[in-house]
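The lines below spell out each chain.
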Amino acid sequence: MSGIAFSDHLSLAVAVRSAYKTYDNEHYVLKGLNLSVPENKIYSLLGPSGCGKTTLLHCLLGRGSLNAGRVVLKYRKISEIGHMPQNVALHKELTISELFLYYGMMFNMDEETVREKSRFLLKFLELPSDQQRVVDSLSGGQQRRVSFALSIFHDPKLLILDEPTVGLDPMLCESIWNMLREMTNHGKTIIITTHYIEEAKGSHMVGIMRRGKLLAEKDPLRLLEELGCEYLEDAFLQLCKEDELISEEADITPDLSYILPDKHSGSQTVNYDTPFSMHRFKAQFTKNLWMLRRALLITLFVLVLPFVQISTFQMATGADPIDLPIAFVNREMPYSNSHCSNLSVNIFSDCFMNETSDVYLSCNMLGTLRRKKLKLIEYPTLDAARRAVVKNDVWALLHFHENFTNHLATRFNDGTSVRNDTIEMANIDTYIDQSNQLLSHFIKTKMLQTYREVMKMAFDTCDLDPSISRLPIKFMDPIYGSENTSFRDYTGPSMLSLTAFYIPVLYTGAMLMFEKDGGLLERIMISGMKFSEIAASHFVIQIVFIVVQNFGSMCLMYTPMFFNSPFEGSVVTTYFLLLAISLVGMLFGFVIALLSKSQTDAAYFGIGCNFLMKFLCGMMWPTQGMNHFLQIFSYFLPITLATDALRSLGSRGWDITHPDILLGFGTTLLWIPILGCTAAFIMKKKSNWFE
């Protein structure tokens, strides 16, 4: 295309006609703006903050669309456009040479060309000769010069520079302007926005913007001559005052509702519709590796975080409490522990049911409780022991009545004729602090275990069947699991599932938000990088993390060398289920990053979802105990049924053909297209998702 036929006497590189832009259908950022940028010229766009300059540049670059009007560029290929944003938008963890190589690979430049360009720009822009300097160690002015160097690195035909000389010394500014003028002699067109109004005299044309309109568009010297001003700043102020008078009389924005739907359809901006490119993928992948190497401590932290979480969880939960203080009052023996100690050796030398027996079952029960690592504390009276429970000095109180053993023997001997007072005296009165459900349940369990063990030994001594003393409920060998299944065995698969899901969410969301926050993502996408290339490069690195982390997590959880949790199922099936959970987590991290405007937003979103998953996936409590509607809702979450499947794989040994395992896989895999489509929908509907 030889030029844009908006003018009879100018060949234009950029033309904007009747441009209107609004974000709320009430206040217009651009109001019927017309702009013409001649080829091979420097065009300075001047205007106060908020006048619409940045919005106009976004529309020129195709990162935003007009509500009405047209934007036409002569140069529409990504390789023909160079852009320097107002903020430096640099990967500050990289070195200067790595940044140049990154952008060189992005534009498919060979290494020799990259080296030549790097040497020239370092010298011309007075940057440190040491290309291994990390960008973050450079001064603010040096970083702006690096940013400028990247915008011209690939030799574009159209340069759009937003405040390129901010923070630079006057001598360097003059050198840059001389370079820009020289570039126009070699077929380059340059659009500059600047706050330094006087330096715009060096441009071929200036456009003065105010309130979304172009007040003037002329050669700067001709503009000064027409307005009778010596300085461009005076001309700028004079035009603003004239516009103010006009605006006071009538500042009416026309009703464009009838033309908004299709008036921008003729715009011809930068063509970002390019296929997936291996050289851009390679650039992004290489850059990600450099970033991981540069932040080695963070990389190692993310890598070992699942192992730390699982190890901490396994060591902190599920074990029986040790030295739990329990009060007792034993009226069967005098007030002294030594009496029971002296009798404990021969405690079953005789049958406790004989009238002449000197067996004291209370002593044997207390001894058995001590062996279960409970800390027994004797009190002289029942009132003193009760006060200890009230003061939280102890968690429970055991009270043995006088002649406890004799009354218990009478209860068994007399059967149906036993008196009520005998039954009462044969009881062990137990007072428990029920404020802690887990500890109270633990104490009750230990008491029942102790009673069964002691009575079995006692009845064996009497040559009687121990089943006489049991409750009329006989628990047979478990169909699945073991009699010693702990709370840790139940919650372990939940922790494994939650870790496999949430760590990819954390890493993926953090990496994308890091680039969004600094304007890095917007800059590289204007340079041609596609989201598919960003996602693919991230996926390759993340999948390595996931493979290592899930393998290590399973080893920690299930091997005898470490925590040896019950595992009866298929290692391969379990591993692939964890991989599926991790893939869903990675996609969920992408969605969070697309929806969030800042790292703070993403952090709140991620933490909230983490708690939601933790409470609803069955980790803290079985889903069967939830509110009915909440239970149904939990089944639609990504990891609830997958967690049940992991639990069944470990404790029940089911294989992938079992319906519950298939359901766990199915619901997890179903979330992959759901989240993928959600991400695509967000990118389509939210044009500024990368900001």
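Calculation criteria
- Throughout, a residue's number is its position along its own chain's written sequence, starting from 1.
- Owing to the predicted nature of the model, reporting of local features is limited to residues with pLDDT of at least 70; listing and counting of side-chain atom pairs is limited to 80 or more, with chain, interface and lining totals taken over all residues.
- Remark: hydrogens and water are excluded; side-chain values derive from all non-hydrogen atoms of the structure.
- In this entry, domain limits derive from an automatic or database-based domain assignment.
- Disulfides are defined as pairs of cysteine sulfur atoms found within 2.5 Å of each other.
- Helix and strand assignments follow DSSP, with helices taken as H or I runs no shorter than four residues and strands as E runs no shorter than two, numbered in order from the N terminus.
- The buried label applies to any residue whose accessible area, calculated with a 1.4 Å probe on protein chains only, is under 20% of its type's maximum; exposed applies above 50%, and partly exposed to all values in between.
- Any two strands with at least two DSSP bridges between them are considered paired.
- In this analysis an axis means a line fitted to C-alpha atoms, helices contributing only their contacting stretch, and an angle means the value between N-to-C directions, from 0 to 180 degrees.
- Residue contacts follow a heavy-atom distance rule, with two residues in contact if any of their heavy atoms lie within 4.5 Å.
- When a carboxyl oxygen of Asp or Glu is within 4 Å of a side-chain nitrogen of Lys or Arg, the pair counts as a salt bridge.
- UniProt positions are given in the numbering used here, feature names are shortened, and annotations may be inferred rather than shown by experiment.

Any chance you could explain the domain arrangement of the chain here in plain terms?
How large an interface is tends to be reported as the accessible area lost when its parts come together. The assigned domain composition of the chain is domain 1 (1–75 + 159–179 + 190–252), domain 2 (324–462) and domain 3 (488–688). The C-alpha centroid of domain 3 is placed 50 Å from the C-alpha centroid of domain 2.

Would you mind showing me how to read the state of the cysteines here?
The term disulfide refers to a covalent linkage connecting the sulfur atoms of a pair of cysteines. Tallying each qualifying case throughout the model produces 1 disulfide. Disulfide pairing is shown between cysteine 351 and cysteine 462; the S-S distance is 1.8 Å. Residues cysteine 351 and cysteine 462 share a disulfide whose torsion about the S-S bond is about 100 degrees; that sign makes it right-handed. Highlighted residues: cysteine 351 in the loop between helix H10 (337–343) and helix H11 (361–371) and cysteine 462 in the loop between helix H15 (437–461) and helix H16 (487–517), separated in sequence by 111 residues. For the residue pair cysteine 351 and cysteine 462, the accessibility class agrees, reading buried in each case. Sulfur of cysteine 677: no disulfide; nearest cysteine sulfur belongs to cysteine 609 and is 19 Å away.

What is the right way to look at the sheet that holds strand E2 (residues 28–38) in this model?
In a beta sheet, neighbouring strands are held together by backbone hydrogen bonds and run either parallel or antiparallel to one another. If you walk across this open sheet you meet the 3 strands as E2-E1-E4, and the pairing is antiparallel. Because the sheet does not close on itself, it has two edges, and the strands there are E2 and strand E4 (68–73). Sheet twist, expressed as the mean angle between neighbouring strand axes with direction ignored, is 15 degrees. Sheet topology places strand E1 (residues 12–22) next to E2; 8 bridges connect them, and they run antiparallel. Residue valine 16 lies in a different strand from E2, and its bridge partner there is leucine 35. Each of E1, E2 and E4 touches helix H1 (residues 53–60); the most contacted strand, E2, lies at about 60 degrees to it.

Just checking my understanding: could you explain unusual backbone geometry for this structure?
Backbone phi values are negative for most residues with the exception of glycine, while trans is the configuration of most peptide bonds. Unusually for a residue other than glycine, aspartate 155 sits at a positive phi of about 60 degrees. Checked against the element boundaries, aspartate 155 lands in the loop between helix H4 (140–152) and strand E6 (158–162). A positive phi angle, near 50 degrees, is found at arginine 211, a position not held by glycine. With respect to the secondary-structure elements, arginine 211 resides in the loop between strand E8 (205–210) and strand E9 (213–218).

What is the right way to read the pattern of salt bridges from this model?
Pairing between side chains becomes possible if they bear opposite charge and their charged atoms approach one another. Within the structure shown, the criterion is met by 19 salt bridges. Note that glutamate 98 and arginine 293 form a salt bridge whose closest N and O atoms lie 2.7 Å from each other. Of this pair, glutamate 98 sits in helix H2 (residues 96–106) while arginine 293 is found in helix H8 (residues 278–294), placing the two residues 195 residues apart along the sequence. Between arginine 647 and aspartate 644 there is a salt bridge, with the nearest N and O atoms lying 3.1 Å from each other. Within this pair, arginine 647 and its partner aspartate 644 are both found in helix H22 (residues 640–651), separated by 3 residues, close to a single helical turn.

What is the right way to look at the UniProt feature "domain: ABC transporter" (unreviewed entry) in the chain in this model?
The residues that UniProt annotates with the feature "domain: ABC transporter" (unreviewed entry) are residues 14–236. Secondary structure over residues 14–236 splits into 33% helix and 26% strand, and the C-alpha atoms at its two ends are 23 Å apart.

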